[in-house]
Every structure is written in structure tokens, then in C-alpha cells.
Amino acid sequence: MTIKNAHQVDHVRSINQANILEHHVNLHAIAENNPAFKSFIDVAPDSDFPIQNLPFCVFKTGEIMGGHIGSRIGQWILDLTRLEQEGYFQDTRVSGKNIFQHATLNPFMAEGKEACREVRARLSQLLRDENPQLRDHASLRKRVLIPVEQVHPVLPVDIGGFTDFYSSKEHATNLGRMFRGKDQPLMPNWLHLPVAYDGRSSSIVVSGNDVRRPMGQTKPDAEKPPVYGACKKLDFEIELGCFIGASSAQGEQIPVGAAPDHVFGMVLFNDWSARDIQSWEYQPLGPFLGKNFCSSISPWVVTLDALEPFRVAGPAQEPQPLPYLQHERLWNYDINLFVELQSGAMHQAQVISALNFKAMYWDFCQQLAHHTINGCKMRPGDLFASGTVSGKTRGECGSMIELSWGGAEPLRLSSGEERAFLEDGDRVTMKAYCQGDGYRIGFGEVTGTVIPALNAGQPASV
Ligand code: CA
């Protein structure tokens, strides 16, 4: 951060102080995370959405056409747009701001971490089993609690910038081995900075949307000219996405220690990828059309506060990065991740990968510090994706290209079919949760089905 005035000096001082206190006193001091809290709404122990989670979403129903802001508990959506209209946030710092009278979370995200914390605390109070305010108010319950099956979640955020990192050492090593050989799988910069490219936000969709197989230019035969046609190596990538809340000014650097104050929350992210298009186009400027035809996110934005009890130390970094990337490495998260595949011929989905987020080499604090080291501005609703998550074994790989080792070792499905890459009709579903003692903090799922390319076999229009 470029220090411009006394207020900012205090801000930096308080952040540093907070970090020190946090580290030495109590990592899990957020009252709403108390595992003993129960709601008057029944929540199954394996639900992703107990009273300790309370993520944020935007939804529509048959009656609510324009989009309302909600939270989720168990199998219910709590309508924050209506709660605000009835004055239930008057004792918080968003009082009078009509912050939930929008069809996106952006204005709420822009208010920063404390506003989010107060609203989550208010929701937790309202849903607590000992509080009669909502529990015993039948007509209010009818107005603000909606069964999840009656709700259509929509894209919760107006996503401005989208940056895709490449922060799993295991994934980067696997791809490096496949494309450049086993002697030097990582590029020379990889251990010194969190590598990324600026992606496209316009084609990010919410879970449930189909993904259409893209058309494009590929070079399947090294000895022949490139060809135009439907992608033949369609893939997924399991990642976590971080949404920026509080903004930064153009020219300002966000110090690594202040990064958590700028992140609103996280979603599951499927970065659909066309490997054959990507491998021909990516040099020298990086991914383009092989990546930006579609990415999918889960609808429920889980706050960093809800994830706090599952914060863990990241792996040691060797060589030590430059000072602007150094901090106490306490910002990784113990999140279990699963990828399921169901072909058109299968009656139920099959888990094809089970892995964990906690070993990521670069954490989001380092990503944000690096992204702003040149003064690049951050806006509420900007999205960072972590990069494909992978573990050390084949069953922990986060993409088809790794699971089938470039297509050379296809997966065998329970239907007897084989898969090197995704076929039309394949449905990919990703799930994620943190396992607490008797409860889970989960992300729900992000799912999408591959549908056939448009105009496959036709020449590109001129
Ligand atoms: Ca990616």
C-alpha cells in the first residue's frame, strides 16, 4: 500500500496488530463459528450449510423475477432483500443503505469485511434456536424462508476482472512433465512468483448451465497445417475462486498482510478447457480461446470468516520469495474437493478425483500482493481463481489431462466406457467442504453438462 495519509497509517498499523494478535491469541475467535450453535431449522450433519456457514447468493423464483439476495441454511434460502425491507439490518453498519435491494452482491461486497461480519452475525442470531424473533413469527418465516427446490440461483456477482492463477506445484509439475519433459517441469519463474493470466469474465456462468463444446483452430498433426473444427480434447479444472470485496485504488499496492481484508469469500470454480486449442495457441502470450469459452462457479459465496476454523499453514517455500511475498504462511485452507463424472450412459455419477486444497503452493494473500505490486486496481466483484488443484497421486488430479496422462491412459468408468477427455453428454460435478467436528462448512456444487458443438463440420462463417 502506498501510504497517503494518517488514516492509512492507522489502517496498516491495525492490520499488522490484528495479524499478530490473531497468530498468538486465537485463530478461531469469530463468535458465529461456535460449533455448539444450533438453528431452529433442521440441518443434517452432512449438510454443507449449517448455521456456522451462512454463505451469500442471488436467486430467482417463480414470483421473484428480478433477483433477490439470499443466504442458505440447510435446505432453505433466507431472503435478505425482504429482511432488509422489514428493517432487520438496522442495527448493522449497512443500515439505511438498501444494500440488498440489488440483483448482485457487489454493493454489499464493496462495504468490506466488517459489514459482512455484522450481517453474518445478524443472520446467525435470527436463525438461532433460542431466538423467538423469526422462530415464532409464522408470517415472517413464510415471507423470508423459501425451500431451496423452489429457487433458481443466478450468477451472484457482476464479475469485473477475472484472473486465473496457476498455484498448485503438483499441477504445474504434471503439465510441465507432459509438455516439456521430466527434467525441468517448472518454468524458471514459477517458484519466484504466482504465475497467472488475465482471463475473461463475460463467459463465467453459474452452476447448472451447460457447456457447449467450442469450435476453434488446432494443429493435430505437427507435419500438416492447422485445422478448424470442434475441440477434441475438452477438459475441466477444479479450482477455488476468491471474490474481491473492498477495493484498492489505481497505483496502490495491497500488502500481503492486508490481503484478507480485501477478500469477500470463495466459490468452487470449474475452468473448462480446450486442451487442443490451448496447446496450439498459447505461445508466447498464454491461454486465450482454449480457456475463455466458459467457466462455471458454485452459487453460494462462502465467507472467509466461515472458513476461518479450517485455516492451515501452507507448504514451505524454497527458495524464499521476495520480501513483498513473504508472510506467515497461515492462509491455506483444509478443504476436501471431489470431481464426479456421469456419462449419458451412466445412472449415477462416479467420483474420479478426491483431493485437498491445503497444499497449494501460493496462497491468495501472495496472489493479491503480486497482482497489485504494479499498482493494478482491484474492484469489488473481481475474481481470482486458484489454478487447478492437484495432489501427489493420480487419484488426486484436478483435470482430465492429468487423470488420463495426456490421453495416453484413459479412465475406465463404471459403465465400461473409457475417457481420455470429455465427450458430449458428460456431466461434471465438483463438490467441496471443510469437515468440522459434527458439522461441515461446504460450497455445495458446481455442475455442468457438455453439449455438442454448434455447426461442427461447417466452415467458419466469413
Ligand atoms: Ca485454470
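See above for the structure.
These remarks concern the structure in this document. (Residues numbered from 1 in each chain as written. Predicted model: local features only at pLDDT ≥ 70, side-chain atom pairs only at ≥ 80, totals over all residues. Heavy atoms only, no water.)

## Brief notes about the pattern of salt bridges
Our working definition: Salt bridge, as used here: a side-chain nitrogen of Lys or Arg that lies within 4 Å of a carboxyl oxygen of Asp or Glu. Labels follow the DSSP assignment, with helices taken as runs of H or I lasting at least four residues and strands as runs of E lasting at least two, numbered in each case from the N terminus.
Taken as a whole and assessed by the stated rule, the structure comprises 23 salt bridges. Among the ionic pairs, arginine 122 bridges to aspartate 91, the shortest N-O distance being 3.6 Å. In this pair, arginine 122 is assigned in helix 4 (residues 113-127) and aspartate 91 in the loop between helix 2 (80-85) and helix 3 (106-110), connecting sequence segments 31 residues apart. Between arginine 394 and glutamate 409 there is a salt bridge, and its shortest N-O distance comes to 2.9 Å. In this pair, arginine 394 is assigned in the loop between strand 22 (383-385) and helix 11 (400-403) and glutamate 409 in the loop between helix 11 and strand 23 (411-412), connecting sequence segments 15 residues apart. Three or more residues are tied together by salt bridges with common partners; here these are Asp235, Glu237, Asp271, Arg275 and Lys291.

## Some points on the side chain of glutamate 84
Stated precisely, the cut-off is as follows: Polar contact criterion, stated in full: a pair of N or O atoms within 3.5 Å, where within protein one must be able to donate a hydrogen and the other to accept it, and residues adjacent in sequence count only if both atoms are side-chain atoms. Residue contacts follow a heavy-atom distance rule, with two residues in contact if any of their heavy atoms lie within 4.5 Å.
When you line up the elements, glutamate 84 lands in helix 2. Of the polar contacts made by the side chain of glutamate 84, one reaches the backbone nitrogen of isoleucine 99; its length is 2.8 Å. In this structure, glutamate 84 is in contact with Phe89, Asn98, Ile99, Phe100 and Gln101, ignoring residues within four places of it in sequence.

## As for helix 10 (residues 364-371)
Spelled out, the test is: Per-residue accessibility, obtained with a 1.4 Å probe over protein chains only, is compared with the maximum for each type, and a residue is labelled buried under 20%, exposed over 50%, and partly exposed between these values.
Summarising burial for helix 10: 8 of the 8 residues are buried, a large majority. Of all the residues in helix 10, the buried ones are Phe364, Cys365, Gln366, Gln367, Leu368, Ala369, His370 and His371. Capping the start of helix 10 is the job of one residue whose side-chain oxygen sits 3.0 Å from the backbone nitrogen of cysteine 365: aspartate 363.

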